[in-house]
Amino acid sequence: MKRKREKNKKRSKLSIIIITLFLLTVFVGIPIGLVEYQLSKTGKTWEQMIDNFLNNSGAENNLVFSAREEKIDFLIPEHIGNTFETPPQISHLQAVDLDKDQLMDVVLCDVLDNKISWIRQYPSGVFTEQICADNLMAPSHIQAIDFERDGDTDLIVSLLGMLFPSNDKIGSIVILENDGKMNFSKHLIVENIARVSDVRAGDLDGDGDMDLAATQFGYDDGETRWLKNLGNWQFESTILQTLSGGINCELIDIDKDSDLDIITLVSQEWEETYLFLNDGEGNFKPKLIYGVNNEDFGSSGIYMSDIDQDGDEDILYTNGDAFDYIPPRPRPWHGVNWLENKGGNNFAFHRLTNFGGAYNARPLDVDHDGDLDIFVVSAFNSWVDSTAQSFIWLENDGEMNFTRHDISNNPTHILPLELADFNNDNEIDMVTGGMHVYPPFDRLARIMLWKNHWQKTSKNKTNLNN
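Source: prediction; values computed, not measured.

**Overview of the overall build of the chain**
Here is step 1 of the chain: Secondary structure assignment for the chain yields 3 helices and 28 strands.
Here is step 2 of the chain: For the chain, buried positions account for 56% of its 466 residues.
Here is step 3 of the chain: Here the contacts in the chain between residues at least 6 apart in sequence split such that 50% fall between residues at least 24 apart.
Here is step 4 of the chain: Looking at the chain as shown, the accessible area adds up to about 21,000 Å², and 51% of this sits on carbon and sulfur atoms.

**Here's the deal with the packing of aromatic side chains**
Here is step 1 of the chain: All told, the structure shown has 18 aromatic pairs when counted by the stated rule.
Here is step 2 of the chain: When the centroid spacing of 5.1 Å and the interplanar angle of 75° are considered together, the rings of F323 and F380 count as edge-to-face. Pair noted here: F323 is in the loop between β19 (314-319) and β20 (335-343) and F380 is in the loop between β23 (373-378) and β24 (391-396), with a separation of 57 residues, a long-range link.
Here is step 3 of the chain: You can call F323 partly exposed: its relative accessible area is 25%.
Here is step 4 of the chain: Considering the side-chain rings of F375 and W393, the 5.9 Å spacing of their centres and the 15° angle between planes classify their relative orientation as stacked. Linking F375 in strand β23 with W393 in strand β24, this pair joins segments that are 18 residues apart in sequence.
Here is step 5 of the chain: Classification of F375 by relative accessible area gives buried; the value is 0%.
Here is step 6 of the chain: The rings of F74, F375, F391, W393, W450 and W454 are connected pair by pair, giving a single aromatic cluster.

**Description of the sheet that holds strand β10 (residues 196-202)**
Here is step 1 of the chain: Read across the sheet, 4 strands follow the order β10-β11-β12-β13 without closing on themselves; strand pairing throughout is antiparallel. The strands lining the two open edges of the sheet, one partner per strand, are β10 and β13 (234-241). Adjacent strand axes in the sheet meet at a mean angle of 20°, parallel and antiparallel pairs treated alike.
Here is step 2 of the chain: Here β10 runs beside strand β11 (residues 211-216); their pairing, made up of 6 bridges, is antiparallel. Bridge assignment links V199 to a residue of β11, and that residue is A214.

**What to know about the nonpolar core**
Here is step 1 of the chain: Core analysis: the largest hydrophobic core is formed by 31 residues, its most contacted members being I254, I263, I315, Y317 and L339.
Here is step 2 of the chain: Among the elements of the structure, β15 (261-266), β16 (272-278), β17 (284-291), β18 (299-305), β19 and β21 (346-354) are those that each provide at least two residues to this core.
Here is step 3 of the chain: Non-local contacts of I315, meaning those with residues more than four positions away in its chain, are made with I263, T273, I289, I302, Y303, M304, S305, I307, N337, W338, L339 and F347.
Here is step 4 of the chain: In this structure, C109, L155, V157 and L176 belong to the second largest nonpolar core, which totals 18 residues.

**Considering the pairing of strand β2 (residues 90-96)**
Here is step 1 of the chain: For β2, a buried count of 6 out of 7 residues is recorded, marking the element as mostly surrounded by other parts of the structure.
Here is step 2 of the chain: In terms of strand pairing, β2 meets strand β3 (residues 105-110) through 6 bridges, oriented antiparallel. Paired with I90 across the strands is D110, a residue of β3.

**Re the sheet that holds β2**
Here is step 1 of the chain: Taken together, 4 strands build an open sheet; the order of strands is β2-β3-β4-β5 and the sheet is antiparallel. Edge positions in the sheet fall to β2 and β5 (127-134), since each of these pairs with one other strand and no more. For this sheet the average axis-to-axis angle between neighbouring strands, irrespective of direction, equals 20°.
Here is step 2 of the chain: Pairing geometry for β3 and strand β4 (residues 115-121), over 5 bridges, is antiparallel. Note that in β4 the partner of V106 across the bridge is I119.

Reading guide: rules and limits
Residues numbered from 1 in each chain as written. Predicted model: local features only at pLDDT ≥ 70, side-chain atom pairs only at ≥ 80, totals over all residues. Heavy atoms only, no water. Helix = DSSP H or I, 4+ residues; strand = E, 2+ residues; numbered from the N terminus. Buried < 20%, exposed > 50% of the residue type's maximum accessible area, 1.4 Å probe, protein only. Contact = heavy atoms within 4.5 Å. Areas by Shrake-Rupley, 256 points an atom, 1.4 Å probe, with all protein chains shown as cover. Phe/Tyr/Trp six-rings, centres within 6.5 Å; stacked < 30°, edge-to-face > 60°. Pairing = 2+ DSSP bridges. Axes fitted to C-alpha atoms, helices over the stretch in contact; angles between N-to-C directions. Core = buried A, V, L, I, M, F, W, Y, C linked by side-chain atoms within 4.5 Å.

Okay, here's the thing in structure tokens:
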């Protein structure tokens, strides 16, 4: 009888041990496994994950309504390029003197017609559009750069395959090689991958030729990769991260060690900004430099600039994407942000202003007072509201405090924005593109050139005040 009781006790202890191990597996092992899976996708370390959890203050959700001052009409809009009958869908553009005739042109991604076009300025003030390449499905980003280093400007193009999110492997990267006479040959670099949202060229491994870095939005399955140039239009891909929602990548020597690093913006449920530090030979170490705890934050774009002019590069960061909503609409937390470079690859978040549907921001000292102001467009504002703006600028007081000025609510649905001096008057003009994917369709524009008349306007304003 005694032996039987001892045997039952042993069985009871064994049962308790088994149950304890099972509970530990369920309540500890599975969460750890899920975290490990997330770490493998993001490239974060445990330390970064814990630090992000503890230090995410939610400052990005604070509403900042900058003071609104009077409108100053110094930009004169002008339609350039082809006319249209169907609401246009321009995903990206770049201002560049493509033919090197000392007159600024525009190259653009036309999603509706699946083509890359060149709006040539010649003679001065006359703009004529021609196709560089067609049958390019949903082009999303274009970079004009001398990829071969042969003295002419080539075009690096990322292709989504289709505009709206999809898990199909329909993305690709194409380089349009310029023969020096403005004839472009198409080189397919990679295909059948998750939808490619951005691609940039630069020497990432220090071997003297141009490589590529790309973000792939995908849908559930996205990626960030770099592509080593093997010569003869052959490339070898290395996957840096497997997160969906990649929007932008920037190549910059952020740590000033004489090699190009990669900075990316990832949206979807992640809403994070990453730095991939380069060791100079194409080996990259990821670091999360900013993360948001609002999964609907709507990250929409980043742009590198020394905004506070302290000698290092900051990140101008917009959040206003609204493709997740039907119909798309602005959210209270949409706006313009500044990730201040604090040194040591650390950045501090600052909300500059709320702005519904904010999509691209660019810095410019438009009032010539020695500090950088900021111009911002909106693709997803509340267009039924007649006061909702598609284009604004933020006036810097020199202390990184900003006052908002409206520019226009016509056209609506502005997505790309770039700056350049188009008429050689030493004033920087602006060019925008329309992404009209949903109504209303009452204020349409495809490509709009905004000529800057600040000097004339400011003189007239001064005379009126005297």
